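Structural description and commentary
Below, each chain spelled out in residue letters.
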Amino acid sequence: MLKTEQETTVFSDEGDDTLGGRLSMARDAAGISLESLASQLGVRQETMLAWESDRAEPQPSVLVKMAAMFGVSPAWLMTGAGDGPGEDSDERALEAVKIELSRLRSAHQEIGRLIETTTRQIERLDHQIRLRNVSKDVAH
């Protein structure tokens, strides 16, 4: 796991005008999930998110590895100059968005299940409290 990260603060209106924006765009264009990339690089997802949001920067050797994985030049990742995502990136980006939508739907279903479980727990606890209060009233 990589531990050396240089903290940076970069503000930009254009997402691909920063290293983080280009990392995110290239990853999406390559159809690689954040989880998969983090796993392949041996870093935590939080580290990837920090890189993509320009809160930290990966080491140069990691940038070169990511460039190869994304099919872009390292110079493009670092500066925006050079070879970026290819022409077929629209198809890859579409596939990446479809995958993300599928994940969101799964998460939505899981949240619905958790809401139902929590609702049943509340109802059960509420019922127990009411029974306890009725028992106390009867005893007095």
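A few points on the structure. (Residues numbered from 1 in each chain as written. Predicted model: local features only at pLDDT ≥ 70, side-chain atom pairs only at ≥ 80, totals over all residues. Heavy atoms only, no water.)

1. A short note on the pattern of salt bridges
Summed over all chains, the structure comprises seven salt bridges. Residue E100 is joined to R103 by a salt bridge in which the shortest nitrogen-to-oxygen separation is 3.7 Å. Note that E100 and R103 are positioned in helix α6 (residues 89-139) at a spacing of three residues, about one turn of the helix. Residue class for E100 comes out partly exposed when judged on its relative accessible area of 40%. Between D126 and R130 there is a salt bridge, with the nearest N and O atoms lying 3.0 Å from each other. Residue D126 and its partner R130 are both found in helix α6; the two are separated by four residues, about one turn of the helix. (Salt bridge = Lys/Arg side-chain N within 4 Å of Asp/Glu carboxyl O. Helix = DSSP H or I, 4+ residues; strand = E, 2+ residues; numbered from the N terminus. Buried < 20%, exposed > 50% of the residue type's maximum accessible area, 1.4 Å probe, protein only.)

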